[in-house]
Amino acid sequence: MADGYEGIVTVCCSDIAGQVRGKGFPASDLEKRRRFGVGWTPTNVMINCFGRIPATPFGAEGDLMLVPASGGDIRLESGPGLPLEHIILGDILTMAGEPWECCLRSLLARALRALEEEAGLRLVASFEHEFWYERGEERPGDSYAASSLRGMEGFISEFLAALRVNDIAPDTFLPEYGPRQYEITIDPAEGLVAADQAVKLREICRSVARRHGSRASFSPVVTHGIVGNGVHIHFSLTDLAGLPVGFDDTRPGKMSEVCASFCAGILRHARALCALTAPSVISYERLKPHSWSAYYANLADRDREALLRICPYPEVEGLDVSRRFNIEYRGADAAASPHLQLAALVFAGLEGVREALPSPFISTGDPGRWSDAERAERGITDLPRSLGEALDALEGDGVIGGCLGSVLTQAYVMHKRGEIEMASKETLADLCSLYAEAY
Ligand code: GLU
Ligand code: MG
């Protein structure tokens with residue numbers, strides 16, 4: 001760093017609005033700040049993605065600590081000769097040092113601990129992201145086209161390098177189907193690390209885009225009527241020694257009993273989960289039929305319109321499939337905190353394991369061509385068709401509500417109902433523009 005500059009470190013959390021917010025201090029104070037971090041305020045969790053607090057159960061009272069987590073660092077070049085942009089993801093603790101009820105990172109840690117203690121299982125995950133890049137080049141017919149990458153090579157190489165510097169291993173980078181739409185996949189990691197990496201990836205992408213005079217948006221729908229940006233959450237289960245336990249080639253879908261029960265738990269609670277995994281008003285513009293997202297709470301083998309998709313693997317001699325076998329949850333987007341998304345999936349899956357739920361029906365083809373009665377017979381429910389409906393489902397789901405706890409559930413519902421109220425004053429096109437800027 002050049003002389004004359006003093007860098008800052010910002011301790012942040014990924015919150016209910018899916019925003020990364022925090023407070024900074026001079027970089028030279030980092031060691032001193034590791035233990036108690038920075039002060040934080042309960043009502044901050046009620047700031048919605050439009051920057052407003054329509055209502056809060058916490059008022060102006062109360063104090064918390066936002067404390068840097070080990071492994072939470074994001075380091076980014078901010079420009080030649082300038083100090084690094086240094087963010088550290090943290091945990092929100094009460095003044096007594098306990099996890100605060102609305103700390104989403106602590107919630108995920110608790111979910112993963114329960115999965116270990118009650119089921120002897122660990123979760124490995126990877127968040128696959130789609131996003132829109134403002135300065136991407138657009139021409140008719142350019143879906144997946146090599147030409148879609150032209151002119152943005154500088155951004156791409158800096159983005160991938162920045163991921164590596166932050167211990168995130170890029171797997172693929174591709175031009176997607178939509179105009180100026182791109183996708184980045186990364187290697188899987190242990191649950192908490194995977195969620196941290198998803199938060200980091202979005203921040204890194206936006207920051208590098210900005211340095212290239214552009215913007216990146218992960219909003220579920222950037223332009224109304226155009227294909228959405230999904231977050232596909234890939235997961236697999238291991239035992240406590242790290243050995244995969246999801247694959248069993250003697251069973252339907254080649255899913256082991258425990259993996260099938262885990263999936264059954266997710267499907268049982270899918271309607272409430274949507275409130276947490278697809279949490280914006282326009283998320284439901286993405287979750288439409290035939291959009292390669294998800295429309296029903298179903299499990300299918302290699303079908304990109306299922307909520308849970310059994311992912312493919314090469315079927316060649318000598319390959320250890322059990323290490324590649326994974327399931328993908330497609331009903332998620334980047335308006336949510338990855339910590340909350342993964343926590344919700346783990347709690348629902350664990351419930352399925354606890355109850356030893358039977359393997360879900362594995363659908364082939366579009367469940368939309370079946371009658372309501374046929375879907376019901378196969379245990380396939382509709383996903384919510386709006387955020388309001390999803391919140392109703394969350395309020396009516398005692399299991400998910402119980403796992404989140406009443407303080408978080410009530411704050412969450414209040415936060416999101418306020419967002420719906422604000423959104424109701426906008427046209428859909430304007431709303432998509434607002435969300436595109438927010439995410
Ligand atoms: N854009 C689709 C979504 O909203 C996903 C397309 C794909 O399968 O990659 O989830
Ligand atoms: Mg994709």
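Residues numbered from 1 in each chain as written. Chains lettered and ligands numbered in written order. Predicted model: local features only at pLDDT ≥ 70, side-chain atom pairs only at ≥ 80, totals over all residues. Heavy atoms only, no water.

Draft legend 1. Representation of a nonpolar patch on the surface. A surface patch of nonpolar side chains, about 530 Å² in accessible area, is lined by Tyr144, Tyr177, Ile226, Val227 and Trp292. Within the fold, tyrosine 177 resides in the loop between strand 7 (170–175) and strand 8 (181–186). (Patch = residues over 30% accessible without salt bridge, like charges linked within 9 Å, V, L, I, M, F, W, Y side chains within 5 Å. Areas by Shrake-Rupley, 256 points an atom, 1.4 Å probe, with all protein chains shown as cover. Salt bridge = Lys/Arg side-chain N within 4 Å of Asp/Glu carboxyl O. Helix = DSSP H or I, 4+ residues; strand = E, 2+ residues; numbered from the N terminus.)

Draft legend 2. Highlighting helix 10 (residues 387–395). All buried positions along helix 10 are accounted for by Leu387, Gly388, Ala390, Leu391, Ala393 and Leu394. On its buried face, helix 10 sits against helix 6 (270–277), helix 7 (283–286), helix 11 (398–404) and helix 12 (406–423). (Buried < 20%, exposed > 50% of the residue type's maximum accessible area, 1.4 Å probe, protein only. Contact = heavy atoms within 4.5 Å.)

Draft legend 3. Representation of the site of ligand 1 within the structure. As a structural note, the neighbourhood of ligand 1 is formed by Glu130, Glu176, Glu183, Val227, Gly228, Gly230, His232, Arg286, Trp292, Arg304 and Arg330. Within the contact set of ligand 1, a nitrogen atom lies 2.8 Å away from a side-chain nitrogen or oxygen of glutamate 130. Measuring from an oxygen atom of ligand 1, one finds a backbone N or O atom of tryptophan 292 at 3.4 Å. If ligand 1 stood free it would expose 300 Å²; the protein chains cover 93% of that surface. Counted by class, the shell around ligand 1 contains 2 nonpolar, 3 polar and 6 charged residues. (Near = heavy atom within 4 Å. Polar contact = N/O pair within 3.5 Å; in protein donor to acceptor, adjacent residues only side chain to side chain. Nonpolar A, V, L, I, M, F, W, Y, C, P; charged D, E, K, R; others polar.)

Draft legend 4. Fine view of the side chain of asparagine 48. With respect to the helices and strands, the residue asparagine 48 is situated in the loop between strand 3 (38–40) and strand 4 (64–76). If sequence neighbours within four positions are ignored, asparagine 48 has contacts with Ala17, Arg21, Pro54, His415, Glu419 and Met422.

Draft legend 5. Inspection of the pattern of salt bridges at higher detail. Tallied over the entire structure, the rule returns 27 salt bridges. Taking the shortest distance from any N to any O, the salt bridge between arginine 271 and glutamate 389 comes out at 3.3 Å. Here glutamate 389 lies in helix 10 and arginine 271 lies in helix 6, a separation of 118 residues in the sequence. Residue classification places glutamate 389 among the partly exposed residues on the basis of a relative accessible area of 28%. As a salt-bridge pair, aspartate 372 and arginine 375 come within 2.7 Å of each other at their nearest N and O atoms. Placement of both aspartate 372 and arginine 375 in helix 9 (residues 372–377) is noted, with a separation of 3 residues, approximately one turn of the helix. When its relative accessible area of 7% is taken as the criterion, arginine 375 is described as buried. One network of salt bridges, in which partners are shared, links Asp372, Arg375, Asp382 and Arg385.

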